[in-house]
Amino acid sequence: MTTGKAVVVKQLPETVSAPQSQAFYRELEAVLGSDRPRLVFDFTGVRHFDSAGVELLLRCMEEAMKRNGDLKLAALSPQLAVILEMTRIDRLFEIFDNCNDAVESYHHFYPEAMQSIAPTLKVASGKLQS
Amino acid sequence: MRIAIQKPAEDRWANVKRALLKDVQRGIETVLIAELGAYVELDLPAALQFHRAKAQPVTPIHDDMGSLAYWIVDAARVLSNPDSFFPPDEDRIINAPVPYKVRGYVNRLEDPRDFRRLVVDAFLGRCSIAPAGREVKPGVWIDEGARLHKTARLVAPSYIGCNTRIQPGAVITRCSNVERNCNVGEGSLVSNASLLPHTMIGRGLDVSAALVNGNNFIDLDRKISFRIEDPNLISNVPPVKQHVPSYLPEYAEADRPTPDRDLEYSEYLSRAKGRLLEVFKGEV
């Protein structure tokens, strides 16, 4: 496990099925129980991923959200991307090409995100001035 | 007309030569050799007429992109000098033969996207393949023994094969074909996808732009194929038991299927025979 700027990066095991998911969750319980947990799951070495892995992601996300934290995913293979898409959970997570981008995303506003809310901000500021 | 299928093998041309020899002994003069690859809607009488008019031992069949690996051959003439004509590749035959140009529908079936294109073309009437089963509403075909829950939705064009089950809340849409003995789980979406026979899709899944053959999943957008081992997602379905009327004496009480109490199916019976799309039988 590596930590940097209070973001916890956790590498998933090569096989993510029921027994591995339980063990992995137990390892994470302390982090998930902390205030505003900021997590990145690194999928670099994952070779086998099934519905137990999907459950694990949802459970971790739920716990992180309960404490105003977040869980982001990094380095998914195309096959894993298909499984997340098929199980419709891809839209619940921010997904990054690599761990660095995922960690950085916790520290920066993305210009695209700012652009998307810019019209709302302009309207709000106009109303305040009038 | 006689149809013989040679299994793919190293010495397939030797096998073809042997088959041709038998044909000559039976008195057959002209033979169509086709490598099972491309789907071609060939006007055979016109092609034979062309072959006879050209009086050449081999007439290759082409489309605009070149050879389709179909040849019309005069068996006796070819066998008189087999080394010159086998394989009947026009590039190596002296005095290159004039090819016959196909004007009908051609799909080379070179990759899974071509297979999906064939399905879409069949739905849209661009080729001669017609979905089997009964057209229960415009553009929606349901084959014999298929069972759909009343809350399942079929959006045209779509096809449901023999003995396939579509569970509550599932949606089949955008030119999808679900072949025989499949099962689409509760709330799942099948969109722009082909499920080949004996494929089970789990609950609440989204299968889009894909070709699924049992455990094998091909993502057509990403152009990747892989195996999914989790039965909660995708798996092979064991062949469905044939329905045996309960009044038959050999039908034991223990074997009688218990009705699905939690599901209410409306069953559609088809009058048509045959099946849609048995083309893509090979390994994916």
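Above: the structure in question.
Caption draft 1: Examining the interface of chain B and chain A more closely. Each side of the interface is counted separately: chain B has 18 residues, and chain A has 14 residues. Put simply, chain B and chain A have 2 salt bridges between them. Its salt-bridge partner being B:D206, residue A:R91 comes within 3.9 Å of it at the nearest N-O pair. There are 6 residue pairs in polar contact (both at pLDDT 80 or more) connecting chain B and chain A. For the side of chain B that touches chain A, the secondary-structure elements that each account for two or more residues are β18 (206-213), β19 (216-219) and β20 (224-227) of chain B.

Caption draft 2: Main features of the sheet that holds strand β4 (residues 66-74) of chain B. Residues and elements named next belong to chain B. Reading across the sheet, the 4 strands line up as β1-β4-β3-β5 and stay open at both edges, with mixed pairing between neighbours. With one partner strand each, in any of the chains shown, β1 (30-34) and β5 (100-101) form the two edges of the open sheet. Here β1 runs beside β4; their pairing, made up of 5 bridges, is antiparallel. In the sheet register, V31 faces β4, and the bridge partner there is V73. Across the sheet, helix α1 (residues 12-26) lies against β1 and β4, angled at about 155 degrees from β1, the strand it touches most. In this fold helix α2 (residues 44-54) packs onto β1, β3 (58-63), β4 and β5, with an angle of close to 65 degrees to the strand it touches most, β4.

Caption draft 3: Region of interest: α1(B). Residues and elements named next belong to chain B. A rise of 1.5 Å per residue sets the reference length of α1, with its 15 residues, at 21 Å; its end C-alpha atoms lie 21 Å apart and thus fit the reference within 8%. Of the positions making up α1, those classed as buried are W13, N15, V16, A19, L20 and D23. Down the axis, α1 shows its buried residues gathered within 150 degrees of arc, on one side only. Of the surrounding elements, those touching the buried residues of α1 are β1, β4 and α3 (75-80). Just downstream of α1, G27 is the residue with a positive phi angle, here 90 degrees.

Criteria and cut-off values
- Residues numbered from 1 in each chain as written.
- Chains lettered and ligands numbered in written order.
- Predicted model: local features only at pLDDT ≥ 70, side-chain atom pairs only at ≥ 80, totals over all residues.
- Heavy atoms only, no water.
- Contact = heavy atoms within 4.5 Å.
- Salt bridge = Lys/Arg side-chain N within 4 Å of Asp/Glu carboxyl O.
- Polar contact = N/O pair within 3.5 Å; in protein donor to acceptor, adjacent residues only side chain to side chain.
- Helix = DSSP H or I, 4+ residues; strand = E, 2+ residues; numbered from the N terminus.
- Pairing = 2+ DSSP bridges.
- Axes fitted to C-alpha atoms, helices over the stretch in contact; angles between N-to-C directions.
- Expected span 1.5 Å × (residues − 1).
- Buried < 20%, exposed > 50% of the residue type's maximum accessible area, 1.4 Å probe, protein only.
- Arc of directions from axis to C-beta.

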